[in-house]
Amino acid sequence: MRPLIFVAALTASLAGAALAQSPALPSIDPLAPDPFAWLEDIHGPRALEWVKTQNARTAQRLETDPRYETFHREALALFTAKDRIPFPEFLGREVDNLWQDDAHVKGLWRRTTPASYRLAQPDWETLIDLDALSKAEGKNWIWKGATCLPPADRLCLVHLSNGGGDAVEVREFDTVAKAFVPGGFHFDAGKQTIDWLDADTLLAARDWGPGTLTQSGYPFILKTLKRGQGLDQAAEVYRGSPSDVRVGPRVLRDPDGRVAEVLIDHNVSFFQTDYLELAPDGRTRRLDLPKKNDLQGYLVGRIVLSVNENWAAGDRHPAFKAGSLVAYDPKTGAADLIVQPTPTQTIDAVGVTRSRVLVQLLDNVNGALEVYAQGAGGWTHQRLALPQGSALTIRAADHGSDRAYIASESFLEPTALWAVDAATGQVAKVKQLSPQFDGSRDVVEQHFAVSTDGTRIPYFLVRPKAMKLDGSTPVQMFGYGGFLVSETPTYRPELGKLWLERGGAYVLTNIRGGGEFGPAWHEAALREHRQRAFDDFAAVARDLIARKVTSPRRLGIYGRSNGGVLTSVSITQHPELFGAAVIESPLIDMLRYNHLSAGASWAAEYGDPDVPADRAFIAQYSAYTRLRPGVKYPEPYITTNTEDDRVHPGHPRKFAAELKALGDPFLYYENTFGGHANDADPELNARRWARHYVYLSQKLMD
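Bear in mind that the values here come from a model prediction, so they are computed numbers and not experimental data.

### Quick word on the nonpolar core
1) Next: Ranked by internal contacts, the top residues of the largest apolar core, which has 114 residues, are Tyr405, Met477, Leu544, Tyr606 and Phe655.
2) Next: The next biggest cluster of nonpolar side chains, apart from the first, holds 26 residues, and it includes Leu155, Leu157, Ala205 and Val262.

### What about the pairing of strand 25 (residues 378-383)?
1) Next: With six bridges connecting them, strand 24 (residues 366-375) and strand 25 associate as antiparallel partners. The partner of Val371 across the bridge, within strand 25, is Gln382.
2) Next: Counting the residues that bridge the hairpin from strand 24 to strand 25 gives two residues.

### Some details on the packing of aromatic side chains
1) Next: Scanning the entire structure with this criterion turns up 26 aromatic pairs.
2) Next: Ring centres of Phe270 and Phe483 lie 5.0 Å apart, and the angle between their planes is 70°; on these two criteria the pair is classed as edge-to-face. In this pair, Phe270 sits in the loop between strand 15 (259-267) and strand 16 (273-278) while Phe483 sits in the loop between strand 32 (475-478) and helix 6 (493-498), placing the two residues 213 residues apart along the sequence.
3) Next: Assessed through its relative accessible area of 33%, Phe270 is described here as partly exposed.
4) Next: A relative accessible area of 14% places Phe483 in the buried class.
5) Next: Here a set of aromatic residues connected by ring pairs shows up, and it is made of Phe270, Phe271, Phe483, Tyr593 and Tyr606.
6) Next: Cation over ring: Arg171 sits above Phe180, and NZ or CZ is 5.0 Å from the ring centre.
7) Next: Seen from the ring of Tyr117, Lys431 lies directly overhead, with NZ or CZ sitting 4.8 Å from the centre.

### Topic: the sheet that holds strand 28 (residues 416-421)
1) Next: The strand order across the open sheet formed by four strands is 26-27-28-29, and the pairing between neighbours is antiparallel. Looking at which strands have only one partner, the edges of the open sheet turn out to be strand 26 (391-397) and strand 29 (426-432). Here the strands of the sheet are splayed against their neighbours by 30° on average, with no regard to which way each runs.
2) Next: Looking at chain direction, strand 28 and strand 29 are connected through six bridges and run antiparallel. For Asp421, the partnering residue across the bridge sits in strand 29 and is Gln426.

### Here we look at the sheet that holds strand 22 (residues 345-352)
1) Next: An order of 22-23-24-25 is seen for the four strands of this open sheet, with the pairing classed as antiparallel. Two strands close off the open sheet at either side, each with one partner strand: strand 22 and strand 25. Between one strand and the next, the sheet's axes are offset by a mean angle of 30°, whatever the strand orientation.

The rules behind these values
Residue numbers here run from 1 along each chain, matching the order of that chain's written sequence. With the structure being a predicted model, the display of local features is reserved for residues of pLDDT at least 70 and the display and counting of side-chain atom pairs for 80 or more, all residues being used for whole-chain, interface and lining totals. Water and hydrogen atoms were dropped before computing side-chain values, which therefore reflect all heavy atoms in the structure. Only buried residues count toward a nonpolar core. Its members are Ala, Val, Leu, Ile, Met, Phe, Trp, Tyr and Cys residues joined through side-chain atoms within 4.5 Å. Three labels apply to residues, based on accessible area from a 1.4 Å probe with only protein chains included: buried if under 20% of the type maximum, exposed if over 50%, partly exposed otherwise in between. The rule for pairing is simple: two strands pair if DSSP sees at least two bridges between them. The helix and strand labels rest on DSSP assignments: H or I over at least four residues marks a helix, E over at least two residues marks a strand, and numbering proceeds from the N terminus. Two rings from Phe, Tyr or Trp (for Trp, the six-membered ring) form a pair when their centres sit within 6.5 Å of each other. Planes less than 30 degrees apart are called stacked, planes more than 60 degrees apart edge-to-face, and all others tilted. Definition used: whenever NZ (Lys) or CZ (Arg) falls within 6 Å of the ring centre and also within 35 degrees of the ring normal, the charge is taken to sit over that ring. Only the stretch in contact is used when a helix axis is fitted, and all axes are lines through C-alpha atoms; the angle between N-to-C directions ranges over 0 to 180 degrees.

Structure, rendered in structure tokens:
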């Protein structure tokens, strides 16, 4: 098993101009002491006692609501349903899956044959029982995948997280013996990337001791480790810098499992990567590629990569526009175009099989799946006969054959899984999720709002067919708008069962900063232009209110992670627009985010608050320092996870504490395990969503 072109005249003044639409804000003293810095001590006794108090207060409010047990029961039934699709990945000639249900809360890593997988009840063979392993070892093991040695995939490096954080323990596992290899490769917990060179040699980037991690908390030293060696015997092959984001290995293989290229993945920033070819004698050579790229796979002597910036013509290739997918020969430097999306399209994901390239497209945020083949006359393609108007996702693509699995879904259409023969273009439905809620009374529409600078912002509205345009409909509005991530129309059983069935409406926004229209859409809201994402989100809210779909009293917002920046800023800049806000696993203190957990890695997205010029524009929106007395904010529900080692729990803790100091109402709840995803097991996830929807019901439906 295996994360618009800038308008030159717009500078930092954009943020100030946009904020002028909100009530005047006090000046900020950048050197003022932080009265709640003690809440950054993740496991500190004082901080945990504060968390315990807030959890008890919030549980009393939400978990004693008569709806809570109903929501919890319904959500748990959805997350443990036996008829859920067991999404597959490829394991040698077989398929594997991580399955969780009420009897296997932590999950079973299991496998079956492709033929058996097509059956209604496949004959699964358990490889690892995570619940039994956790009980035997006294740990809370959360599955984080496995890196297996092609082509047989007998030997795997299993990744286990104790509590759900990004830091993983890595152990060697034999899928034939169905056991951990005695005396095999083993790495203690850490943020690490490890790959196979051969059955007895690994390339490993990890914490090798003091001074070997970047400011973001990731490794920058790559070493080889032979079977039987201790970690102190590993041989260094490459060293980056503490100021980088990370360094890691990337071993590319041909379809038969032979090593074709050994690359060093050197992330100098979150969006800029140098790829270096590592020769058998240890010499390195930087590949002549643009820094903004995503390596997607290897096909017939070519590296398949997405180009996220304009690439000027060279001696061996023409010019390529940002957003293109190209095939690059690392030996000669030659490159040719596979596909260039239109202005309304973006390449959302890529899969490489033995002889084909699968391209997951969005066109005005609607999905399509195309298969590309290289011939004597160049690249040809065909569009697969999959449901139109759906979100399509490449769930698995087998590099050893031309097999693939594609999922289709939409807001009201349950997920289906399709087996694909990429060589012939044949598709066959092999799994279909039964309806998990009654969507017959709802309808989906796509609308466009106009943002502050005139840009049209698309959004989806899922609403009751009988909705009255009188502002009375409770609406949950979701946004993200960052890191080139596209938000698509997906089937969410808990949303349908706990919200839509009860008369609520749902809005999915496609604001700038995301990837819905390619790199330009993302770059339009980077750094000093971040305010554009916030303006886009507010524009959608105003459009909903103006069209009388809802009203501020009935409009709630939800965002997590980067979406927590969005939602916390939204209620501080526009408290008059919203009646509720779920702020989950959020970044909030943007003047200190780069010193908390993995925050330093995101400077390319937000700017570096330690640089005075960057701090000036970040300070214009950082919600933690923009709270002020005398303003009536919507009461937010703020939630996170103690074991989130990606986005520091100090962000939401301090925001809640500042609200309390101002005398403003808030709810705060912190799960004690689960990591950044906050959904490590079905029970945890069911309680999480039950609290979410009790809060939203109290604020928007009562």
